[in-house]
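Here is what each chain is made of, one letter per residue.
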Amino acid sequence: MTARVSRLDLARIAFWNLFLQASYHTGRRQSLGIAAAMASIRGLWPKPEDRRAFLLRHLEPMNTNPALAGPLLGAMARLEERAATGDAEAVSRITHLRRVLEGPLAATGDALFWAGLRPLAGLAGSIIAWQSGAWGPIVFVALYNAVHLPVRLGGVFWGYAKAERIHELMRARWVKGLRFAVRWGVPLLGLCLVALGASVAALPRWTVAPAAVAGVFLGSRSLVRGGLLAGGAIMVGLILSALFATNVP
Amino acid sequence: MSLDPGAWVLLLALGLWTALDQAACLQILVSQPLVASWLAGWIAGDAASGLAVGVLLQGVWSRALPLGASPLPFLGPAAVVGGALAACAPGSRVGLSSVLVVPEAVPLAVLLWVSIAVGELGRPLLQRIYRQRGALIEMAVTGANEGRASRVRLAHGLGILPTGLLGLALVVAGLVAGAFLFRIVPDVHTDGRWVALPVLGVGVGQACSLSMKRRAWIWGAVAMAIGVVVAFT
């Protein structure tokens with residue numbers, strides 16, 4: 001057999017990767033999304049029994065970070081191609097690859113994208129919104145997706161090229177650079193936003209710094225959920241406004 | 001609170017989009033409060049108020065992370081509710097900066113609470129949807145057993161429906177609740193910055209705590225010093 005995965009097939013996988021979470025299930029996690037994406041290369045398996053086995057193995061439970069699912073999908077497509085061309089061990093390596101890498105990729109992706117790039121872009125966007133209005137949300141979306149979309153979509157092609165060596169992603173230079181940017185960028189941008197809040201030409205500017213100190217301590221110890229903490233801050237603000245505020249015209 | 005039918009349709013479309021962006025597809029972060037509240041405010045007629053509330057809510061939910069598939073507040077619809085209510089809030093506006101404005105203290109507190117409540121209400125409901133997709137899984141497995149990839153994809157695509165409907169329902173519920181509360185809250189006209197700035201502060205602190213676990217006290221001390229120095233000058 002000479003079946004091959006074309007660049008169009010990889011583009012289809014990348015497209016379906018954008019819908020990875022559409023049918024997220026508590027037990028099966030992203031398995032339907034993975035199977036729907038991998039179905040783009042079902043042409044590798046023309047025989048019904050082979051196609052059945054192909055679809056069923058990608059319906060096995062799996063969970064990873066959506067942004068870093070692309071490289072894993074690409075690598076699995078490469079191994080499917082090898083399996084279809086007669087590599088007897090390739091199928092077992094697909095299962096192995098999923099089991100071994102879903103956790104580390106999830107941890108790396110969550111730290112990089114959800115807990116890293118998102119707050120970094122959020123603070124940058126908030127500072128710009130404070131000064132320039134609508135540019136804030138635009139910069140926020142652009143900054144996040146300048147990293148997210150190339151990794152999520154282009155990652156499929158990269159994963160296909162790397163196959164079983166996609167674990168190299170976790171040691172990539174850009175990953176280290178992003179971690180560095182997050183480690184220093186988030187606290188510094190946070191201080192900038194505190195300074196902006198404290199520069200408001202009104203008495204409540206004195207509340208920003210103590211509230212920020214409370215937020216960082218309670219947040220770092222995971223003592224209070226975001227909504228509850230904000231609810232408390234709103235209540236404190238209302239009480240202070242009743243005590244000190246003058247009526248606005 | 002008055003919204004014309006066109007604005008309602010656009011807000012519902014935005015609610016649907018943000019719900020799906022967060023929990024189903026793309027995840028390009030249109031569902032984050034900074035974007036969703038701004039767009040909702042713009043649709044409802046006051047982009048500056050919507051954006052100001054977006055800045056506040058972005059901090060409030062900075063630690064809302066779907067790590068290891070942990071339950072997450074339904075941020076998208078909640079942010080749409082917050083932005084739209086900010087634009088429709090009664091009373092005058094005060095400037096947070098040269099471009100951002102916030103409603104008076106009581107309406108601002110009400111709309112922030114309603115928005116947070118919508119997000120927190122969406123959390124268990126979204127989890128319930130995640131648990132009850134057994135029929136879709138069965139449909140996909142049956143399709144796979146028959147070798148039909150189209151059925152697997154159909155089952156996958158159908159998963160979008162309940163998520164989108166939940167987003168729509170939460171937007172409607174939040175807007176109705178907010179409009180009702182705006183009518184019954186006391187008629188007090190105090191500066192909204194008394195509510196906005198403490199919320200901004202705890203939000204920034206929470207965002208920074210993500211990368212400052214052990215050294216949080218250093219950041220806290222520097223933030224306090226900067227806050228005092230800037231406020232004095």
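What you see is a predicted model, and the numbers here were worked out from it, not measured in a lab. (Residues numbered from 1 in each chain as written. Chains lettered and ligands numbered in written order. Predicted model: local features only at pLDDT ≥ 70, side-chain atom pairs only at ≥ 80, totals over all residues.)

What about the overall build of chain B?
In terms of regular secondary structure, chain B is built from 10 helices and 2 strands. Its helices and strands taken in sequence order, chain B reads α-α-α-α-β-β-α-α-α-α-α-α from the N to the C terminus. Within chain B, the proportion of its 233 residues that are buried is 61%. Excluding contacts between residues fewer than 6 apart, the proportion of contacts in chain B whose partners are at least 24 apart in sequence is 76%. (Helix = DSSP H or I, 4+ residues; strand = E, 2+ residues; numbered from the N terminus. Buried ≥ 20, exposed ≤ 12 C-beta atoms within 10 Å, placed from the backbone. Contact = placed C-beta atoms within 7 Å.)

Describing the overall build of chain A
Across its full length, chain A holds 9 helices and 0 strands. Starting at the N terminus and walking to the C terminus, you meet the elements of chain A as α-α-α-α-α-α-α-α-α. For chain A, the C-alpha radius of gyration of 24 Å lies well beyond 18 Å, the compact-globule estimate for 249 residues. The dimensions of chain A, computed from C-alpha atoms along their principal axes, are 80 × 35 × 35 Å. Residues classed as buried in chain A amount to 52% of the 249 residues present. (Rg over C-alpha atoms; globule rule 2.2 N^0.38 Å.)

Thoughts on the interface of chain A and chain B
Taken together, the 90 residues of chain A in the interface contact 94 residues of chain B. Looking at the side of chain A that touches chain B, the elements with two or more residues in it are α2 (31-38), α3 (48-58), α5 (90-132), α6 (135-162), α7 (173-198), α8 (208-220) and α9 (226-244) of chain A. Classifying every residue of the side of chain A that touches chain B gives 54 nonpolar, 27 polar and 9 charged. (Nonpolar A, V, L, I, M, F, W, Y, C, P; charged D, E, K, R; others polar.)

Points about the domain arrangement of chain A
Interface size, as often reported, equals the accessible area lost upon joining of the parts. Residues and elements named next belong to chain A. Parsing chain A into structural domains produces domain 1 (7-199) and domain 2 (201-249). Between domain 1 and domain 2, the residue contacts involve 4 residues of the former and 4 residues of the latter. Taken together, the residues of the side of domain 1 that touches domain 2 sort by class into 2 nonpolar, 2 polar and no charged. (Domains from an automatic or database assignment.)

Concerning the environment of A14(A)
Residue and element names in this part refer to chain A. Mapping A14 onto the fold places it in helix α1 (residues 7-17). A14 gets classed as buried once you count the C-beta atoms within 10 Å, which come to 21. Expressed as a C-alpha distance, the spacing of A14 and W158, which sit 144 residues apart in the sequence, is 11 Å.

So, the nonpolar core
Core analysis: the largest hydrophobic core is formed by 168 residues, its most contacted members being A35(A), A52(B), L56(B), A84(B), V152(B), A196(B) and V199(B). Looking at this core, the element that brings in the most residues is α5(A), giving 15 residues. Residue assignment places this core across two domains, with domain 1 (7-199) and domain 2 (201-249) of chain A each supplying three or more. What A84(B) contacts, discounting residues up to four positions off in sequence, is L11(B), A40(B), G41(B), A44(B) and L175(B). (Core = buried A, V, L, I, M, F, W, Y, C linked by C-beta atoms within 7 Å.)

Some words on α9(A)
Structurally, the α-helix is built with 3.6 residues per turn, so residues lying three or four positions apart point the same way. Taking 1.5 Å per residue, 19 residues should reach 27 Å; α9(A) reaches 26 Å between its end C-alpha atoms and fits that length. Every buried residue of α9(A) is listed here: G226(A), G227(A), L229(A), A230(A), G231(A), A233(A), I234(A), G237(A), L238(A), L240(A) and S241(A). On its buried face, α9(A) is in contact with α8 of chain A together with α3 (47-60), α5 (105-131) and α9 (193-209) of chain B. (Expected span 1.5 Å × (residues − 1).)

Looking at the packing of α5(A) against α3(B)
Put simply, α5(A) and α3(B) touch, their axes get as near as 10 Å, and they point 150 degrees apart. Taken together, the axes of α5(A) and α3(B) lie roughly antiparallel to each other. Helix-helix and strand crossings are classified by hand; for α5(A) and α3(B) the assignment is left-handed. Contacts between α5(A) and α3(B) pair G122(A), S126(A), A129(A) and W130(A) from the former with L51(B), V55(B) and Q58(B) from the latter. Residues of the contact of α5(A) with α3(B), tallied by class, amount to 4 nonpolar, 3 polar and no charged. (Axes fitted to C-alpha atoms, helices over the stretch in contact; angles between N-to-C directions. Parallel < 35°, antiparallel > 145°, perpendicular 65-115°, else oblique. Left-handed = near helix turned anticlockwise from the far one by under 90°.)

A few points about the packing of α8(A) against α9(B)
One can describe the packing of α8(A) onto α9(B) by two numbers: an axis separation of 6 Å at closest approach and a directional angle of 35 degrees. Classified by chirality, the crossing of α9(B) by α8(A) is right-handed. Within the contact between the two elements, α8(A) uses V208(A), A209(A), A211(A), A212(A), V213(A), A214(A), G215(A), V216(A), G219(A) and S220(A) and α9(B) uses L197(B), P198(B), L200(B), G201(B), V202(B), G203(B), V204(B), G205(B), Q206(B), C208(B) and S209(B). Its residues assigned to classes, the contact of α8(A) with α9(B) shows 13 nonpolar, 8 polar and no charged.

Details of unusual backbone geometry
Residue and element names in this part refer to chain B. Positive phi, normally seen in glycine, also occurs at L26, with a value near 70 degrees. Within the secondary structure, L26 sits in the loop between α1 (5-23) and α2 (33-44). Residue L26 is classed as buried on the basis of its C-beta count, with 20 C-beta atoms lying within 10 Å. Residue Q27 is not a glycine yet carries a positive backbone phi of 55 degrees. Mapped onto the elements, Q27 comes out in the loop between α1 and α2.

Some details on the environment of V204(B)
By the element assignment, V204(B) lies in helix α9. Between the C-alpha atom of V204(B) and that of V55(B), which follows or precedes it by 149 residues, the distance is 9.9 Å. When near neighbours in sequence (up to four residues on either side) are disregarded, V204(B) contacts G190(A), L193(A), V194(A), A212(A), G215(A) and G59(B).

Looking at the confidence of the model for chain B
All names here are of chain B. Per-residue confidence for chain B averages 93 on the pLDDT scale, and 98% of its residues sit at or above 70. Model confidence for chain B, summarised as mean pLDDT per element, is weakest for strand β1 (residues 93-95) at 92 and strongest for α2 at 97. Two numbers describe this predicted complex: its pTM, 0.94, and its ipTM, 0.94. (pLDDT = per-residue confidence, 0-100.)

Some details on α3(A)
Every buried residue of α3(A) is accounted for by R51(A), F54(A), L55(A) and H58(A). Buried residues of α3(A) fall within an arc of 90 degrees about the axis and therefore sit on the same side. For α3(A), the elements touching its buried residues are α2 of chain A together with α6 (134-145) and α7 (149-158) of chain B. (Arc of directions from axis to C-beta.)

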